[in-house]
Amino acid sequence: FLLPLVGIALVLGVGLSGVWAPLTGGICIALFLAGICLLCWFLAPLVASAVSPPPPGACVAPLVAPAHNPTHAKAEAMKRVAVVFNPHSGKGNAAQVLRRRVVPVFAARGIEVEEISTQRVGHARDIGLTTGLAGFDGVVVMGGDGTLHEVANGLLARVAAKPASERLPAPHL
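My aim in this report is to walk through the structure given alongside it, one point at a time.

Scoring rules and cut-offs
- Counting from 1, residues in each chain are numbered in the order their sequence is written.
- Where local features are concerned, this predicted model is filtered to residues with pLDDT of at least 70; where side-chain atom pairs are given and counted, the filter is 80 or more; whole-chain, interface and lining totals use all residues.
- Excluded from the side-chain calculations are hydrogens and water; all other atoms, namely the structure's heavy atoms, are used.
- By nonpolar core we mean a set of buried residues, namely Ala, Val, Leu, Ile, Met, Phe, Trp, Tyr and Cys, connected to one another through side-chain atoms within 4.5 Å.
- Here's how the labels work: a residue is buried when its accessible area is under 20% of the maximum for its type, exposed when over 50%, partly exposed in between, all with a 1.4 Å probe on protein chains only.
- In this text, helices come from DSSP runs of H or I with a minimum length of four residues, and strands from runs of E with a minimum of two, each type numbered from the N-terminal end.
- Contact criterion: two residues are considered in contact whenever any of their non-hydrogen atoms come within 4.5 Å of each other.
- Expected helix span is given by 1.5 Å per residue-to-residue step, counting one fewer step than there are residues.
- Working definition for bend: take the seven residues up to and ending at a residue and the seven starting at it, fit an axis to each, and measure the angle between the axes.
- Here, a salt bridge means any side-chain nitrogen of Lys or Arg that lies within 4 Å of a carboxyl oxygen of Asp or Glu.
- Pairing of N or O atoms within 3.5 Å defines a polar contact, subject to two protein rules: one partner must be a possible hydrogen donor and the other a possible acceptor, and residues neighboring in sequence count only if both atoms are side-chain atoms.
- A pair of strands counts as paired when DSSP detects no fewer than two bridges linking them.
- To get an axis, fit a line to the C-alpha atoms, keeping to the stretch in contact for a helix; angles then go from 0 to 180 degrees between the N-to-C directions.
- Residues counted as positive are Lys and Arg, residues counted as negative are Asp and Glu, and His and the chain ends are not counted.
- Here the arc refers to the set of directions running from the helix axis out to each C-beta atom.

Turning to the nonpolar core, a few remarks are in order. If you look at the biggest cluster of nonpolar residues, it comprises ten residues: Val81, Val83, Phe85, Ala94, Ala95, Leu98, Phe106, Ile111, Val113 and Met142. Elements supplying a minimum of two residues to this core: β1 (80-85) and α5 (94-108). In terms of residue count, α5 provides more of this core than any other element does, four residues in total. Apart from residues lying up to four places away in sequence, Met142 is in contact with Val83, Val84, Phe85, Asn86, Ser89, Ala94, Val97, Leu98, Val102 and Thr147. In this structure, Ala82, Ile116, Ala124 and Ile127 belong to the second largest nonpolar core, which totals eight residues.

Further remarks concern α5. An ideal rise of 1.5 Å per residue puts 21 Å on 15 residues; α5 measures up with 20 Å between its terminal C-alpha atoms. Largest kink in α5: about 35°, centred on Val102, with the proline Pro104 one to four residues after it. Taken residue by residue, α5 has Ala94, Ala95, Leu98 and Phe106 as its buried positions. Buried positions along α5 lie against β1, β2 (112-117) and β3 (138-142). Among the residues trailing α5, Gly110 stands out with phi positive, at a value near 75°.

A few words on the pattern of salt bridges. On inspection of all chains with the given rule, the structure shows four salt bridges. One salt bridge in this structure joins Glu114 and Arg80, with 2.6 Å as the shortest N-O distance. On the criterion of sequence distance, the pair formed by Glu114 in strand β2 and Arg80 in strand β1 is long-range, its members being 34 residues apart. Accessibility expressed as a relative area gives 24% for Arg80, which makes it partly exposed. Sharing partners across several salt bridges, the network here consists of Arg80, Glu112 and Glu114.

This part is about the environment of Thr130. If you trace the backbone, Thr130 turns up in helix α6 (residues 123-130). Assessed through its relative accessible area of 60%, Thr130 is described here as exposed. For the pair Thr130 and Leu155, spaced 25 residues apart in sequence, the C-alpha to C-alpha distance is 8.7 Å. In this structure the side chain of Thr130 is engaged in a polar contact, spanning 2.6 Å, whose partner is the backbone oxygen of Asp126.

Read from one edge of the open sheet, three strands run β2-β1-β3, paired in parallel fashion. On the outer flanks of this sheet lie β2 and β3, each paired with one strand and no other. Strand-to-strand, the axes of this sheet are offset by a mean angle of 25°, without reference to chain direction. Inspection of the sheet shows β1 paired to β2 by six bridges, in the parallel sense. By the bridge assignment for β2, Phe85 is matched with Ser117.

For the rest of this paragraph, the subject is the side chain of Glu150. With respect to the helices, strands and loops of the structure, Glu150 is situated in helix α7 (residues 145-161). One buried charged residue, Glu150, forms no salt bridge at all, with the nearest opposite charge on Arg120 at 7.0 Å. Looking at Glu150, its side chain comes within polar contact range of the main-chain nitrogen of Gly122, at 3.2 Å.

Attention now goes to α6. Among the residues making up α6, those that are buried are His123, Ala124, Ile127 and Gly128. Summarising the axial view, the buried residues of α6 lie within an arc of 140°, below the 170-degree limit, and thus occupy one face.

So, in structure tokens, the structure goes:
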């Protein structure tokens, strides 16, 4: 951005004096064109991606074909999930979004949702660590990165606290 501005300043009369005066016009044009080229070089990829973004499926190919992926087969068997949510996330509208948008999606697939609201900082970790998950097919976390981080820490601490003979595989995040 600086080179075109210097070129424009030289054109407007801030130019060189004395012996260098005849070169002022050429230097102005060169600086201006160099600045425009650099600006275009930086902006070209941004403009190209904005004008024609890649289709979502073309970005990353699946590592395992859906037919052979056990997590896809498990999704069909889900009957009950726990949704841990931070009621203060989403400008304080998390509970409303959960009830109006998330629960109907699960209900349409025959999945029962148990809502578990966090009450304080660190509560999501306590939920992940102590809540009985025996009757749930999955845990969904709704909130910001802090809520997800706390629940993941609680679930992983739960797994690490058990003796190796009683451990279930670590949860997939």
